[in-house]
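Here's the letter readout for the chains.
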Amino acid sequence: MSVIEQAAKRLEDLKKATVGLNRHGTARDSEAVGPQFSVLEPASSAANAVAAHDRAHSVATQSVAIDLSRLADLGLVSPRDPKSTVSEEFRVIKRPLIRNAAGKTPSPIEYGNLIMITSALPGEGKTSSAVSLAMSIAMELDKTVLLVDADVARPSVLGTLGIEEKKGLLDVLVDGSIDLSEVLLRTNVEKLVLLPSGTPHPQATELLASETMTALVREMAGRYRDRIIVFDSPPLLLTNEATALAAHMGQIVVVVEAEKTEHETLKQALSLIEAC
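Criteria and thresholds
Residues numbered from 1 in each chain as written. Predicted model: local features only at pLDDT ≥ 70, side-chain atom pairs only at ≥ 80, totals over all residues. Heavy atoms only, no water. Pairing = 2+ DSSP bridges. Helix = DSSP H or I, 4+ residues; strand = E, 2+ residues; numbered from the N terminus. Contact = heavy atoms within 4.5 Å. Axes fitted to C-alpha atoms, helices over the stretch in contact; angles between N-to-C directions. Core = buried A, V, L, I, M, F, W, Y, C linked by side-chain atoms within 4.5 Å. Buried < 20%, exposed > 50% of the residue type's maximum accessible area, 1.4 Å probe, protein only. Parallel < 35°, antiparallel > 145°, perpendicular 65-115°, else oblique. Salt bridge = Lys/Arg side-chain N within 4 Å of Asp/Glu carboxyl O. pLDDT = per-residue confidence, 0-100.

**Student:** Any chance you could break down the sheet that holds strand β6 (residues 227-232) for me, citing the residues and the numbers?
**Tutor:** In spatial order, the strands read β1-β4-β5-β3-β6-β2-β7; together these 7 strands make up an open sheet with mixed pairing. Pairing within the sheet leaves two strands with one partner each, and these edge strands are β1 (62-63) and β7 (251-255). Relative to strand β5 (residues 192-195), strand β4 (residues 185-186) runs antiparallel, the two sharing 2 bridges. The residue bridging Arg186 from the neighbouring strand is Val193, located in β5. The sheet contacts of helix α9 (residues 211-223) involve β2 (114-119), β3 (144-149), β5 and β6, and relative to β6 the element is tilted by about 140°.

**Student:** Tell me what's going on with the nonpolar core, and back it up with residues and numbers.
**Tutor:** One recurring pattern in soluble globular proteins: nonpolar side chains tend to sit buried together. If you look at the biggest cluster of nonpolar residues, it comprises 36 residues, and the most contacted ones within it are Leu146, Val148, Leu169, Leu173, Leu195, Met220 and Phe231. It is α9 that provides the largest number of residues to this core, a total of 5 residues. With residues up to four places along the chain from it excluded, the contact list for Leu195 reads Leu146, Leu147, Val148, Asp149, Gly168, Leu169, Leu180, Val183, Leu184 and Met220.

**Student:** Tell me about the packing of helix α4 (residues 85-101) against helix α5 (residues 126-138), and please be specific about residues and values.
**Tutor:** Between α4 and α5, the shortest axis-to-axis distance is 10 Å and the interhelical angle comes to 75°. Considered as vectors, α4 and α5 are oriented roughly perpendicular to each other. The residues of α5 that touch α4, namely those facing Phe90, Arg91, Lys94, Leu97 and Ile98, are Ser129, Ser132, Leu133, Ser136 and Ile137.

**Student:** For unusual backbone geometry, give the residues involved together with the corresponding values.
**Tutor:** Although it is not a glycine, Tyr111 sits at a positive phi angle of roughly 55°. Within the fold, Tyr111 resides in the loop between α4 and β2. Its identity as a non-glycine residue notwithstanding, Glu259 has a phi of 60°, on the positive side. As for its position among the elements, Glu259 is in the loop between β7 and α11 (263-273). Classification of Glu259 as exposed rests on a relative accessible area of 88%.

**Student:** Got a sec to walk through the pattern of salt bridges? Specific residues and values, please.
**Tutor:** Counted according to the given criterion, the structure contains 8 salt bridges. Residue Arg91 is joined to Glu88 by a salt bridge in which the shortest nitrogen-to-oxygen separation is 3.2 Å. Of the two residues, Arg91 and Glu88 both sit in helix α4, 3 residues apart, roughly one turn of that helix. Residue classification places Arg91 among the partly exposed residues on the basis of a relative accessible area of 26%.

**Student:** Summarise the environment of Lys267; cite the residues concerned and give the values.
**Tutor:** Here Lys267 lies in helix α11. Residues Lys267 and Ala120, 147 residues apart in the sequence, show an inter-C-alpha distance of 8.9 Å.

**Student:** Explain the environment of Leu180 to me, using residue names and the numbers behind them.
**Tutor:** Positionally, Leu180 belongs in the loop between α7 (169-174) and β4. Given the relative accessible area of 7%, Leu180 is considered buried. Apart from residues no more than four positions distant in its own chain, Leu180 is found in contact with Val172, Leu195, Leu216 and Met220.

**Student:** Would you mind going over the confidence of the model for the protein chain in detail, with residue names and values included?
**Tutor:** Per-chain confidence: the protein chain averages 82 in pLDDT, with 79% of residues scoring 70 or above. Contacts of residues 2-8 to residues separated by more than four positions or lying in other chains number 9 contacts, the stretch itself having pLDDT below 50. Low confidence marks residues 14-58, where pLDDT is under 50. Its contacts with residues over four positions away, or in another chain, come to 63 contacts.

**Student:** Before we move on, can you summarise the pairing of β2 with the specific residues and values?
**Tutor:** In terms of burial, β2 is a largely internal element, 6 of the 6 residues being buried. Burial along β2 is two-sided: the face carrying Leu114, Met116 and Thr118 and the face carrying Ile115, Ile117 and Ser119 are both buried. In terms of strand pairing, β2 meets β6 through 4 bridges, oriented parallel. Residue pairing in the sheet places Met116 in a bridge with Phe231 of β6. Direction of pairing for β2 relative to β7: parallel, over a ladder of 5 bridges. By the bridge assignment, Ile115 is partnered in β7 with Gln251.

**Student:** Quick one: what's the story with the side chain of Ser87, residue by residue and with numbers?
**Tutor:** Assignment of secondary structure puts Ser87 in helix α4. A relative accessible area of 1% means that Ser87 is categorised as buried. Not counting chain neighbours up to four residues away, the residues in contact with Ser87 comprise Val77, Ser78, Asp81 and Pro82.

Right, dumping it as structure tokens:
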């Protein structure tokens, strides 16, 4: 039996074992949307592949389908076109972020797996960059990704992915009876989970700066060691929500529109997060 055949058999055995446990009520049913794209791994790491898939989806109770062909048409990273120019560019962009998240640096970054994507002004490409970064990281063999739409004033992550808006982050912060698992969305991208921004609220800034938000973010950061959480943030110079969110982050990526954003505008934006 070849290595590939051994891996396939091992994966099938593991899936059957999981189903058996669920039927007897000894384990919570966490069956997820089947992966649209997969890589056959050597038999020795087949169990790790199944475990990563379960961790990516186990706490999400709703499922949504992303139109992956549409992403490619929009010029974003898509598993349908892993060799595209934009996919290669984000491979370069993600590598130092992943190293920081894993603590593989001389000076480890606290909460390095919390990555905020922002810009000085609207329209500079931060949301498309957040989506592409999350998609690119989800294509890693040993990482899972939670993409959070934290631009609570102008949410656009779900719209970019072709998904209607749903309850999300703000609903969890406002209503303590709502569990995070109730608003997470598992997707047809094997290692990608979404957290919508949720129902608009007049005190969104205060909610993002609250102790409840701090506790929620710390919970998300520590629940799974292999999960990277990408936050699509509001623009720094547009609202106060971005600076409130930045205080929770381990890494911040600032997107700048080439040949348009002025130097002084960028400096002003960076000064707001300098203390972070």
